[in-house]
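Secondary and tertiary structure notes
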Amino acid sequence: MIATEILSAVIDFAPPLVLAALGGVLSEKAGVINLGLEGMMRFGAFFAAAGAIWTGNAWLGLGCGLLAGAIAGAAHAYASLRWRADQVVSGVALNLVALGLVTFLLEALFGSSATMPSAAPSLPHWAGHTPIAFVSLVIPFVLHWFLTATVTGLRVRAIGEHPRAAATAGISVLRLRALCVIVAGALAGLGGSALSLSILDRFENRMPAGAGFMALAAMVFGKWTPLGAFAAALFFAFADALQRQLSLATHANDLHLAGFFLALPYVLTLLLLGGFVGRATPPAANGVPYEEA
Amino acid sequence: MTSASTLRARLFAPRWQPLLIPLTAVSTALVAGFLAMWLFGKDAPQGFALMAEHALGSANAVGESSIKAAVLTLCGLSVTVAFTAGLFNIGAEGQFTVGAITAAWLGAALDLPAPLELLVVTGAAMTAGAAWALIAAWLKVRRGVHEVISTIMLNWIALHLVQDWLVVGPLAAPSSNAQISLAGTVPVHASAQLPRLIAGSRLDFGIVYAAIAVIFCWLLLSRTVAGFEIRLVGAAPGVAEASGLPNARRTYQAMALAGALAALGGLLLVLGTEHRYPGTFRTGYGFDGIAVALVGGASPLGTALAGIFFGLLRAGAKGLQLVGIQPSFAELLQGVSVWLVSAPLLFAALFRKLRGARAT
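All values derive from a computational prediction rather than experimental measurement. (Residues numbered from 1 in each chain as written. Chains lettered and ligands numbered in written order. Predicted model: local features only at pLDDT ≥ 70, side-chain atom pairs only at ≥ 80, totals over all residues. Heavy atoms only, no water.)

A word on the overall build of chain A
From N to C terminus, chain A includes 11 helices and 0 strands. Secondary structure elements in chain A, listed N-terminal to C-terminal, are α-α-α-α-α-α-α-α-α-α-α. In terms of overall size, chain A behaves like a compact globule, its C-alpha atoms giving a radius of gyration of 19 Å where 293 residues would be expected to give roughly 19 Å. By principal-axis analysis of the C-alpha atoms, chain A measures approximately 65 × 45 × 35 Å. Put simply, 78% of the contacts in chain A that link residues at least 6 apart link residues at least 24 apart. Only carbon and sulfur atoms are counted for the fraction: they give 69% of the accessible area of chain A, which is about 11700 Å². (Helix = DSSP H or I, 4+ residues; strand = E, 2+ residues; numbered from the N terminus. Rg over C-alpha atoms; globule rule 2.2 N^0.38 Å. Contact = heavy atoms within 4.5 Å. Areas by Shrake-Rupley, 256 points an atom, 1.4 Å probe, with all protein chains shown as cover.)

See the structure below:
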């Protein structure tokens, strides 16, 4: 009984992490560090809910969230590729812009600094879960296939490992990198949409509450591979669901012990990263700006 | 640019240069903010005048600005010191929280004579913050865990343990109220509070702490052998290793100092303004520290300037409500200026264009 509840919770809560972590994998496989996932998710979550309210259609809202993430990705690509900005700094700046801009828009357009009204239309539920949940169970395998079995996927990996060699072989490094970062943004935006359209039915100003950073951790944990990141994201969602169940079962709230359970997934992650995973190797040219010869 | 000249440039940058880009970015962001206000049909000149008044217009305003500036500067310094050693400390938020709760706990639990109490509590809070940061340093040096990931995890662990256990459990103020979580911890003794400096203003001794920290970091990083070694470990770990520098020890030292500085920021809010760890306390000052350090060009003096600027902006933004603009506008400008700082080449191109325009 508890097992099925936990499984159901994992399917519901994993999509934001899975999608954003895959965005991170794609971006960094192509050699662009992406610390802006948190900001991209925030834009996605906000515009998905706002789009659903404005258009009266949850699917169009989903499209808005995806597009907003892609535009945020394009901003990161523009700064770090066109202007060779420090990619770490650009990503952090994107998070800060998202924090300020979304709060500003929430106050200006919806008159609240805490939450948006519930989006009237909601996504359909298939077998108790929204389509995003099922999509995020499939995309990791698609991305794995793309990176390992297609020519474009090979090129993506090449520009992340040795861009100069890839350029010599006739690949347009900067264009392909930009494309990867934009698609990464779209994935993170979709992950953000899952927060405001699937897990909850509205946008809350604290979103994504660190999910973007957890996605980064999942990416590293999964050693920069789509399936590894997928497994890591599922593990985080599982630890979170387990924590909720344990907390409920032991009445932790009444004993003021909820903090221990809330901290548990992060402690587990640190122990696993420090104890078992060992040193993970990022793509060789990750974060190195590329100058066209 | 060859790697040798990059290293040289990083270690011996001309003193004015680190300030040029941040100043340009900040003023560009201000101009953009002014234009945005104007485009939204708000009274932009009036808005900026109100901002200035709320930031500097009275003793009270100066007090509010300096409190914010001091905390932002300390969190910024934390990120700056770690940056110098080549570490990206996203964990200032967690170290800040650990410092704040230690100050709140000992400030209430200890009852020592006036100057001693404050000194002991300060020392303990900084030690706690340093210890929290050292976990990430140890994981980095010994287990190869990237500090960005470990400090993020440590942030959440600190936040949950402090706010969902200590503040509502063992350290909670006794209260008959069912809403115990809103009460926060037991108030600290008067001897642990930071003395106020001016009547009619909340300006307190914290500003002196921040000033000492800035001077200490500046002296350490630019005037001592240990500071030079920290810079070398950050700029070229391979060179440092080959020169026989104790890389690991410098990493531990830089991270411990970073943790102590962020913890001091948390202490300032608890002992200066709140006088307890409040029940609802989600400041984000630790994350703002990243912005402050980046705009400050990761130098102690630049960080102090950026901290003062953002402190003024935060305090001043309250005035914007009078022309119908939300205070979150300050955070928006902060984000935009960091984004502009991230792309110095954008400015280089702009400067070239301006110079070209002047030449013709």
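Don't stop here, the text continues.
Notes on the interface of chain B and chain A
Between chain B and chain A, the contact holds 42 residues from the first and 44 residues from the second. It is Met153, Trp156 and Trp339 of chain B that lose the most area in chain B upon contact with chain A, and together they represent 16% of the buried surface on that side. Counting the contacts that link chain B with chain A gives 0 salt bridges. On the surface where chain B and chain A come into contact, there are 2 residue pairs in polar contact (both at pLDDT 80 or more). (Buried area = accessible area lost by both parts, 1.4 Å probe. Salt bridge = Lys/Arg side-chain N within 4 Å of Asp/Glu carboxyl O. Polar contact = N/O pair within 3.5 Å; in protein donor to acceptor, adjacent residues only side chain to side chain.)

Quick notes on the pattern of salt bridges
Scanning the model with the defined rule gives 8 salt bridges over all chains in all. The shortest N-O distance in the salt bridge between lysine 140 of chain B and glutamate 147 of chain B comes to 2.8 Å. Residue classification places lysine 140 of chain B among the partly exposed residues on the basis of a relative accessible area of 28%. Put simply, Asp201, Arg202, Glu204 and Arg206 of chain A are held in one network by salt bridges that share partners. (Buried < 20%, exposed > 50% of the residue type's maximum accessible area, 1.4 Å probe, protein only.)

Observations concerning the packing of aromatic side chains
Tallying each qualifying case throughout the model produces 17 aromatic pairs over all chains. Taking 4.6 Å as the distance between ring centres and 50 degrees as the angle between the ring planes, the aromatic pair formed by phenylalanine 260 of chain A and tryptophan 165 of chain B counts as tilted. In this pair, phenylalanine 260 of chain A sits in helix α11 (residues 258-277) while tryptophan 165 of chain B sits in helix α7 (residues 147-166), so the two residues belong to two different chains. On the accessibility criterion, phenylalanine 260 of chain A (39% relative accessible area) is partly exposed. For tryptophan 165 of chain B, a relative accessible area of 23% corresponds to the partly exposed category. Taken together through their ring pairs, the aromatic side chains of Phe46, Phe47, Trp54, Phe110 and Phe203 of chain A make up a single cluster. Here arginine 82 of chain A stacks its cationic end above the ring of tryptophan 83 of chain A, 4.2 Å away from the centre of that ring. It is arginine 244 of chain A that lies over the ring of phenylalanine 13 of chain A; its NZ or CZ is 4.4 Å from the centre. (Phe/Tyr/Trp six-rings, centres within 6.5 Å; stacked < 30°, edge-to-face > 60°. Lys NZ or Arg CZ within 6 Å of the ring centre and 35° of its normal.)

Here we look at unusual backbone geometry
All names here are of chain A. Going from methionine 207 to proline 208, the amide bond is cis rather than trans, its omega being 0 degrees. Of note in this structure, alanine 209 is not a glycine but carries a positive phi near 50 degrees. Within the secondary structure, alanine 209 is located in the loop between α8 (173-199) and α9 (211-221). By relative accessible area, alanine 209 is classed as partly exposed at 35%.

Points about the confidence of the model for chain B
When the pLDDT values of chain B are averaged, the result is 83; 88% of them are 70 or greater. Counting contacts from residues 1-5 of chain B, a segment whose pLDDT is below 50, to residues more than four positions away or on other chains yields 1 contact. (pLDDT = per-residue confidence, 0-100.)

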